[in-house]
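# Coordinate analysis (summary)
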Amino acid sequence: MPDPLWTQTPPAVRRGPAPGGRFVVAAAAAALLGVVGGLATWVRPVPAPYFVPLWVTQYRSPAFPPSPAAEADREAIRGGTLFTRGPDTYGSQEATLFLRELQALAAVPTTERAVVYVCAYAVPTAGGGVTVYPADADPTRDPAGVPLPTIFERVAACPARNKLLVLDLIEPVGDVRVGGLRADVPARVPGLLAKAVPGGGLLVLTACGPGQTTHYMPAVERTAFGFYFEHGLSGAARAYN
């Protein structure tokens, strides 16, 4: 007599995937891969920006006082690991070559991030302007220089999607042949920038604000701005972010 059905062991049941199960698994896998890919992109180091260092330190005219601190800033910032891509502009300190480097910014690709660092002597001009002196300027004979709005316009015309102009203008306060004893060049920068680049589009970092002047740090033989600019980008500013 066969066992009652209720005492018999039921046969093993093989279950297939639920309707749409394969789609759910595939979607989950795709989502996981997307997250992993996104994290990989997020942790990937940001490429070093395209750096154009325009320090004018080799003045011919004795009317300009020497600026060894500016030269030391250039060597530290340009020669370190902060900026590893960009032209060698050490020989581009005369007016023609200085302007040529600014004009070359028009060829920078749109995918780039560009940083232009301008350090030079500067004086106010009539009508609220500012002139930046290249290495071949002679204020005792021909005081012609590069108008600051020209620098703004050429950097703003750079196609790079992100661009920063670092402006370290030095006032030659010790020689009345070059400019006024206290010209307050920084006070003119915002107005000139607004006229040259209306509507914004150019980020400018200045070494000092209106009523201020740049300072020399004898302990490290550097300018205060150049020293802390380098150290801040080297990681010292992380605690403040």
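Residues numbered from 1 in each chain as written. Predicted model: local features only at pLDDT ≥ 70, side-chain atom pairs only at ≥ 80, totals over all residues. Heavy atoms only, no water.

### Considerations on the overall build of the protein chain
The secondary structure content of the protein chain amounts to six helices and eight strands. In the protein chain, the order of α-helices and β-strands from amino to carboxyl end is α-β-α-α-β-β-β-α-β-α-β-β-β-α. Residues counted as buried form 37% of the 241 residues belonging to the protein chain. Accessible surface for the protein chain amounts to roughly 14200 Å². Of this, 60% is attributable to carbon and sulfur atoms. (Helix = DSSP H or I, 4+ residues; strand = E, 2+ residues; numbered from the N terminus. Buried < 20%, exposed > 50% of the residue type's maximum accessible area, 1.4 Å probe, protein only. Areas by Shrake-Rupley, 256 points an atom, 1.4 Å probe, with all protein chains shown as cover.)

### So, the pattern of salt bridges
One pass over the structure, following the stated rule, counts five salt bridges. R222 is the salt-bridge partner of D73, the closest N and O atoms lying 2.4 Å from each other. In this pair, D73 sits in helix α2 (residues 68–79) while R222 sits in strand β8 (residues 222–223), placing the two residues 149 residues apart along the sequence. Judged by its relative accessible area of 0%, D73 is buried. Under the relative-accessibility criterion, R222 is labelled buried at 8%. Note that E230 and R222 form a salt bridge whose closest N and O atoms lie 3.0 Å from each other. What makes E230 buried here is its relative accessible area of 16%. Residues joined by salt bridges that share partners form a network here, namely D73, R222 and E230. (Salt bridge = Lys/Arg side-chain N within 4 Å of Asp/Glu carboxyl O.)

### Some remarks on α2
If you check α2, its first and last C-alpha atoms are 16 Å apart, about what 12 residues at 1.5 Å a residue would give, namely 16 Å. Within the span of α2, buried status applies to A69, A70, E71, D73, R74, I77 and R78. Against the buried residues of α2 lie β1 (50–55), β2 (113–125), β5 (162–170), β7 (216–217), β8 and α6 (224–236). (Expected span 1.5 Å × (residues − 1). Contact = heavy atoms within 4.5 Å.)

### Topic: empty space enclosed by the protein
Scanning all chains against the criterion turns up one cavity of 30 Å³ or more. The volume enclosed by the largest cavity comes to roughly 60 Å³. In terms of lining residues, the largest cavity is bounded by L167, L169, V185, P186, V189, T206, A207 and C208. Residues of the lining of the largest cavity, tallied by class, amount to seven nonpolar, one polar and no charged. (1 Å grid on protein atoms, 1.4 Å probe; cavity = no way out; pocket = protein on both sides within 12 Å on 5 of 7 lines; lining within 4 Å. Points joined across faces, edges and corners; volume = space filled by probe spheres on them. Nonpolar A, V, L, I, M, F, W, Y, C, P; charged D, E, K, R; others polar.)

### Remarks on the environment of T131
Tracing the backbone shows T131 in strand β3 (residues 129–132). For T131, a relative accessible area of 11% translates into the label buried. Separated by 18 residues in the primary sequence, T131 and P149 have C-alpha atoms spaced 8.9 Å apart.

### Section: helix α5 (residues 189–196)
Residues of α5 that are buried include every one of V189, L192, L193 and A196, and no others. Here the buried residues of α5 occupy an arc of 100° about the axis, which is enough to place them on one side. Turned more than 90 degrees away from the buried face of α5 sit P190 and K195, all of them exposed. Packing partners of the buried residues in α5 comprise β3, α4 (148–156), β5 and β6 (203–206). (Arc of directions from axis to C-beta.)

### Structural notes on the nonpolar core
Of all hydrophobic cores here, the largest spans 51 residues; its most connected members are V116, Y117, L148, I151, F152 and L165. Ranked by the residues each element gives to this core, the list is headed by β2, at 10 residues. If sequence neighbours within four positions are ignored, V116 has contacts with V52, L54, L102, L105, V155, L164, L165 and V166. (Core = buried A, V, L, I, M, F, W, Y, C linked by side-chain atoms within 4.5 Å.)

### Let's talk about the confidence of the model for the protein chain
For any part of a model where pLDDT is low, the fine detail of the predicted coordinates should not be relied upon. For the protein chain, the mean per-residue pLDDT works out to 80, and 74% of the residues sit at or above 70. Element-level mean pLDDT values for the protein chain span from 48 in helix α1 (residues 21–43) up to 96 in α4. (pLDDT = per-residue confidence, 0-100.)

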